[in-house]
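Close look at the chain arrangement
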Amino acid sequence: MKKNVLITGTSTGVGLQAAVLFARNGYKVYATMRNVSKAAELETYRKNENLAIELLPLDVTKSNTIAAAVATILSKDGKIDVLINNAGAGFAKTTEEATEDEINWVTNVNYTGVVLCTKAVLPHMRKQKSGQIINVTSVGGLVGQPFNELYCGAKFAVEGYMEALASYLSDPFNIRITCVEPGGISTEFMKSAISKTSIEGQLATGEYLPIFERYMAGIQKRGNESELNLYQTPEEVAKILLEVASNENPPLRIRTSEWAEEFTALKTELDPDGSKLIQQLKSTFL
Ligand SMILES: NC(=O)c1ccc[n+]([C@@H]2O[C@H](COP(=O)([O-])OP(=O)(O)OC[C@H]3O[C@@H](n4cnc5c(N)ncnc54)[C@H](OP(=O)(O)O)[C@@H]3O)[C@@H](O)[C@H]2O)c1
C-alpha cells in the first residue's frame, strides 16, 4: 500500500507544492485546507497529472475539523504515515499594538494548531509503531527578529515542543520528528502578513514607526546586498520536505537554504541537525 501523508495548509505556497510533489513521488496525499473553495490550483494539478490527491477540510484552530480529517484517512487507509504541519501565518506587529485576539490567533495558527494536529495522529502512529511528523517552522523558530516577536515566539514554541517529543518518541515508537526551517519563501505569506498587521496603512505607530521603517529598509538592503538568496521558491522547500520524508534517519532540524543556514549559525553551529541534543536528552532523562 502507498505511503500516505496528511498536509495542512495546501491552498497556496509550500503546502500546495508539497501536495503535488509528494503525489508525483508515489504518496497518497491528503491535502487539507481551511477553505476548500481555494482548491482550484491544486485541482488543476490533480486533474492534469492524474495525481493521488484527496482534498479534505481542516482548520488547524478547530479540533473538530482535525478529528474529522484524521477519521476519514483512517477509515480509508487504516493508517497515517506522515503528518506535515505546514499551515502558518506571518505576523509583524509590536506586542503593545497587537490586540488580545490577534495574539491568540497568531499563537493558535502557528503553535497550538501544530499541537492539536500532532495530538490527533499520535495514538495511531504509536500503535503502528511508525510515523513521521514534519514541521515547517522557520529561521524565526531559532532567531527572534524585530517586530516578529509574536510569530517567532510561536515558532520557537513549535521547535521546543518538537524537541521534547522527539526525545521520547523515536526509540520506543519509531516516530520520527523534523523541524524544517526556511528563511524567506516567495509565497503569499509576506503579503498576507502585511495586510493583516497594518494599522490604517502603516505597519506601526508613534515611537515605533521610525524603528519599524528602519527594519523594513534593512530587510530590503540585506536582500539586495547578500550574495546568498534570502528568498527561495516553495518548490525548493517542498523538495526538502520530500527528502526528509524519504530519509530513514531524518534530522531533528534542517535549514532549507544557505541563507537560512548562515542566518541561524550562532544558534546551530554546535549541533546543526539536533542529533547531539537528542542524544543528551536521552542520556540525561531516559
Ligand atoms: N513565506 C515565508 O517567507 C516563510 C518563511 C519561513 C517559514 N514559513 C512557513 O512556511 C509555512 C507555509 O507558508 P507559505 O510560505 O507557504 O505561506 P502561504 O502561501 O501564506 O501559505 C500558508 C498556508 O497556511 C494556511 N492556513 C492559514 N491559517 C490556517 C488555519 N487556521 N488552518 C489551516 N490552514 C491555515 C493558508 O490557508 P489560507 O489560504 O486559507 O489562508 C495557506 O494554505 C508556514 O508555516 C510559514 O510560517 C514561511
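Residues numbered from 1 in each chain as written. Predicted model: local features only at pLDDT ≥ 70, side-chain atom pairs only at ≥ 80, totals over all residues.

Here's the deal with unusual backbone geometry
- Positive phi, close to 50°, is recorded for Asn50, a residue that is not glycine.
- In this fold, Asn50 is placed in the loop between α2 (40-49) and β3 (53-57).
- Classification of Asn50 by C-beta neighbours within 10 Å gives exposed; the count is 9.
- Phi is positive for Asn174, close to 60°, though the residue is something other than glycine.
- Mapped onto the fold, Asn174 is located in the loop between α5 (149-173) and β6 (175-181).
- Residue classification places Asn174 among the partly exposed positions, given that 14 C-beta atoms sit within 10 Å. (Helix = DSSP H or I, 4+ residues; strand = E, 2+ residues; numbered from the N terminus. Buried ≥ 20, exposed ≤ 12 C-beta atoms within 10 Å, placed from the backbone.)

Looking at the site of the ligand
- Around the ligand, the surrounding shell holds 29 residues, and the nearest of these are Gly9, Gly13, Ala87, Gly88 and Phe189.
- With three residues, helix α1 (residues 13-24) is the largest single contributor of residues to the shell around the ligand.
- Of the residues belonging to the shell around the ligand, the class tally is eleven nonpolar, 14 polar and four charged. (Near = placed C-beta within 6 Å. Nonpolar A, V, L, I, M, F, W, Y, C, P; charged D, E, K, R; others polar.)

Notes on the environment of Gly160
- Inspection of the secondary structure assignment puts Gly160 in helix α5.
- With 18 residues separating them in the primary sequence, Gly160 and Leu142 have C-alpha atoms 9.8 Å apart.

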